[in-house]
Amino acid sequence: MANPRLRLLLPWRKFSKRNWAIAAFGFTIFFFALSFIFDLAPLDLVDLTLVRHAKDRGAVCLDGSAPGYHFRSGFGSGSKNWVLHIEGGGWCNTVASCLFRKTTALGSSNYMERQVRFSGILSHDSSQNPDFFDWNKVKLRYCDGASFAGNSQKNETQLFFRGQRIWEAVMDELLSIGLSNAKQVLLSGCSAGGLATLIHCDDFRGILPKDATVKCLADAGFFLDEKDITGNRRIRSFYSDVVHLQGVANSLDKDCVGRMEPSQCFFPQEFINNIKTPVFLVNPAYDFWQIQYVLIPAESDPSGKWAQCRLSIQKCSLAQIEILHGFRNSMLKTLSEFQQNKDGGMFINSCFSHCQTLMTETWHSPNSPRINNKTIAESVGDWYFNRKLVKQIDCPYPCNPSCYNMDFTWHQ
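An account of the accompanying structure is given in this report. Just so we're clear, the structure is a prediction, and the values are computed from it rather than from any experiment.

A separate point is the environment of Asp 56. Structurally, Asp 56 is set in the loop between β2 (45-50) and β3 (68-72). Relative accessible area serves as the criterion here: at 67%, Asp 56 is assigned to the exposed category. Residues Asp 56 and Ala 66 lie 10 residues apart in sequence; the distance between their C-alpha atoms is 9.8 Å.

See the structure below:
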C-alpha cells in the first residue's frame with residue numbers, strides 16, 4: 001500500500017552546523033505539527049508539571065528555569081506499568097548556540113507548551129497502542145542540550161549545563177509518585193532523546209525494583225560516526241564540542257571512556273554492546289536527519305549538486321542513491337554485533353524518515369510502515385513481551401511501499 005510523500009516546509013533546512021540549535025528547535029516544532037496533521041483522533045492533551053525542588057538541587061534548564069514533564073496515570077491492568085518517553089531536539093555545542101537555545105522550549109521551561117498531545121507510544125487508545133495503552137505515561141521535556149548528560153556551568157554567560165542533574169531529579173520525583181512500585185517499565189526516547197535513553201538505560205534499570213521487567217527503546221537515536229561526502233567527520237567534531245562544553249564525560253559509559261576519547265562515547269556504536277538492559281532500536285536506514293547533517297551537511301555541497309536529494313530521497317539520482325545505500329550499509333555493519341544480542345530487538349526500515357514512535361500514523365495504524373507485515377508497535381510489543389525474536393531489517397530503498405518518505409522541497 002503506497003503512501004503519499006509528505007511535503008512539509010522546515011524553517012531550518014538550510015542551516016549550517018553552527019546553527020544546529022536552531023535546526024533542532026525547528027525540528028521539534030515540525031514533529032509537534034505532524035502529530036496534529038496525521039492523527040485526527042480527539043485531542044489528548046496532558047498538562048506540564050514542573051519538577052519540585054529542582055532549583056535547590058541545581059537541576060535546571062539552560063536558562064536556570066525548572067525542568068518539566070507530562071504525566072498521565074495508567075488504568076486497569078496497566079496501573080503498575082510505565083512508559084517513559086524522552087523528548088528529542090538536537091544539541092548545542094557552543095556558547096552562542098546554547099544562548100539561542102535557552103530562548104526556546106529546548107532550553108527553558110518558560111517557553112514550553114503547558115499541554116502536549118499524547119499519541120503513538122503515549123496514546124491511551126488500544127486501537128493505536130495495543131500493548132501499552134493503559135500504562136502510566138510520562139513525557140520528559142528536554143531543555144539541557146546534551147541528551148540529559150551534562151553537568152557544568154558557564155558563570156560568565158549564565159548558562160547551566162545540568163542535564164545529568166535534571167535526569168536524577170525527574171527520576172526521584174517519578175519514583176515518589178509510583179514508579180518505585182512498577183512491575184513493567186519501558187524507557188523510550190526520540191532522536192537526542194533516543195541517545196539519552198541509551199546513555200541512561202542501565203542506570204534506569206538500577207533505580208527500579210529488582211523484580212520489575214525493565215527495557216529500553218531508542219527511536220532514531222543511533223547516530224553514526226560517519227564521514228560526510230567530502231571525507232570530513234563533522235558530526236565527530238560537533239559531538240566533541242558538546243561533550244567538552246557541557247561536561248558530559250562523567251555520564252558516559254565508563255568502559256568506553258576508559259579506552260577512548262570521551263566524546264567518542266557519545267556515539268551509541270561505541271557503547272551499545274556494553275548495555276546490560278534489553279534494548280530495542282527503531283531506526284530508518286535512510287534517516288533524513290543523519291543524511292542532512294551527518295552525510296550531506298550543507299557545507300559539504302557548495303555546488304548544490306545534492307540540494308534536492310538531501311531534502312527528498314525521491315529526487316536523488318541513481319548515483320546518489322548508491323551513496324545513500326552506502327550509508328545504510330554502514331549502519332547495518334555497525335549493528336552487526338548488536339544484531340546477535342538475544343535480548344535486543346531491531347526495526348530498521350528503509351524510509352526517509354526520523355522519529356517514528358510518537359505519531360500514531362507511523363507507530364500503529366492501517367497505513368503505518370511495516371516490515372514483514374508488522375508495524376513498529378507490533379514489533380516492539382512482540383519483543384517486550386518475549387512473544388518472538390524481533391530482528392526486522394528492511395530491504396534497500398525503494399522496496400517498501402508502506403514507507404512515509406519525507407519531502408522538504410515542495411515550495412521550490
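Counting buried positions along helix α11 (residues 376-384) yields eight of nine residues, so the element is predominantly enclosed. Of the positions making up α11, those classed as buried are Ile 376, Ala 377, Ser 379, Val 380, Gly 381, Asp 382, Trp 383 and Tyr 384. For α11, the elements touching its buried residues are β9 (184-190), β10 (213-219), β11 (279-284), β12 (345-349), α10 (360-363) and β13 (391-393). Asn 386 sits one or two residues past α11 and shows a positive phi near 60 degrees.

This paragraph deals with the pairing of β2. Here three bridges tie β2 to strand β5 (residues 115-117), and the two strands are oriented antiparallel to one another. Opposite Leu 45, over in β5, you have Arg 117 as the bridge partner. Relative to β3, β2 runs antiparallel, the two being bridged by three bridges. Within the sheet, the bridge partner assigned to Leu 48 lies in β3 and is His 70.

Right, let's talk about the nonpolar core for a bit. Within the largest apolar cluster, 89 residues are counted, with the highest numbers of intra-cluster contacts made by Leu 84, Trp 91, Leu 179, Phe 204, Phe 266 and Leu 324. When residues no more than four places from it in sequence are discounted, the contact partners of Leu 324 are Tyr 286, Ile 291, Leu 295, Ile 296, Trp 306, Cys 309, Ile 313 and Cys 316. Within the second largest apolar cluster, 21 residues are counted, among which are Val 46, Ile 121, Leu 186 and Trp 383.

Let's shift gears to the packing of aromatic side chains. If you walk through the whole model with that rule in mind, you get 24 aromatic pairs. Ring centres of Phe 132 and Phe 385 lie 5.9 Å apart, and the angle between their planes is 25 degrees; this geometry places the pair in the stacked category. Residue Phe 132 is located in the loop between β5 and β6 (136-140), and its partner Phe 385 is located in the loop between α11 and β13; the two are separated by 253 residues in the primary sequence. In this structure Phe 132 comes out as buried when scored by relative accessible area, which is 0%. Between Trp 135 and Phe 385, the ring centres sit 6.3 Å apart and the planes meet at 85 degrees, which makes this aromatic pair edge-to-face. One end of the pair, Trp 135, is in the loop between β5 and β6; the other, Phe 385, is in the loop between α11 and β13, with 250 residues separating them in the sequence. Three or more aromatic residues link up through ring pairs in this structure, and these residues are Trp 91, Phe 223, Phe 238, Tyr 239, Phe 266, Phe 267, Trp 289 and Tyr 293. Its guanidinium or amino end placed over the ring of Tyr 142, Arg 101 lies 4.9 Å from that ring's centre, counting from NZ or CZ. The cationic tip of Lys 215 hangs over the ring face of Trp 383; the distance from NZ or CZ to the ring centre is 5.0 Å.

Take the pattern of salt bridges next. Taken as a whole and judged by the stated rule, the model has 13 salt bridges. Measuring nitrogen to oxygen at the nearest pair gives 3.5 Å for the salt bridge that ties Asp 407 to Lys 315. Taken together, the residues Asp 407 in strand β14 (residues 406-407) and Lys 315 in the loop between α7 (288-295) and α8 (318-334) connect sequence positions 92 residues apart. For Asp 407, a relative accessible area of 0% puts it in the buried group. Because the salt bridges share partners, they merge into one network encompassing Asp 131, Lys 374, Asp 382 and Arg 387.

Among the six residues of strand β4 (residues 81-86), six are classified as buried, and the element is accordingly described as predominantly covered. Residue alternation in β4 divides its side chains into two sets, Asn 81, Val 83 and His 85 and Trp 82, Leu 84 and Ile 86, and both sets are buried. Both β4 and β9 contribute to a ladder of six bridges, which runs parallel. Considered in β9, the bridge of Asn 81 is made with Gln 184. Pairing of β4 with β6, which is carried by five bridges, proceeds in the parallel orientation. Residue pairing for β6: Trp 82 is matched across the bridge by Asn 136.

Procedures and definitions
Counting of residues starts from 1 at the beginning of each chain's written sequence and follows it residue by residue. Residue-level local features of this predicted model are given only where pLDDT is at least 70; pairs of side-chain atoms are given and counted only at 80 or more, and the full residue set underlies all totals for whole chains, interfaces and linings. As a convention, hydrogens and water are excluded, and side-chain values are obtained from all of the structure's heavy atoms. Counting from the N terminus, the helices are the DSSP runs of H or I reaching at least four residues and the strands are the DSSP runs of E reaching at least two. Under the scheme applied here, a residue whose accessible area is under 20% of the maximum for its type counts as buried, over 50% as exposed, and between as partly exposed, the area being computed with a 1.4 Å probe on protein chains only. Here a residue-residue contact requires only that any non-hydrogen atoms of the pair lie within 4.5 Å. In this analysis, strands are considered paired if DSSP registers two or more bridges between them. By convention a nonpolar core is built from buried Ala, Val, Leu, Ile, Met, Phe, Trp, Tyr and Cys residues, the set being connected through side-chain atoms within 4.5 Å. Two rings belonging to Phe, Tyr or Trp (six-membered ring only in the last case) form a pair when the distance between their centres is within 6.5 Å. Interplanar angles under 30 degrees mark stacking, angles over 60 mark edge-to-face geometry, and anything in between is tilted. Charges are assigned to positions over rings by a cutoff of 6 Å between ring centre and Lys NZ or Arg CZ, combined with an angular limit of 35 degrees from the ring normal. Salt bridges are defined by distance alone: a side-chain nitrogen of Lys or Arg within 4 Å of a carboxyl oxygen of Asp or Glu.

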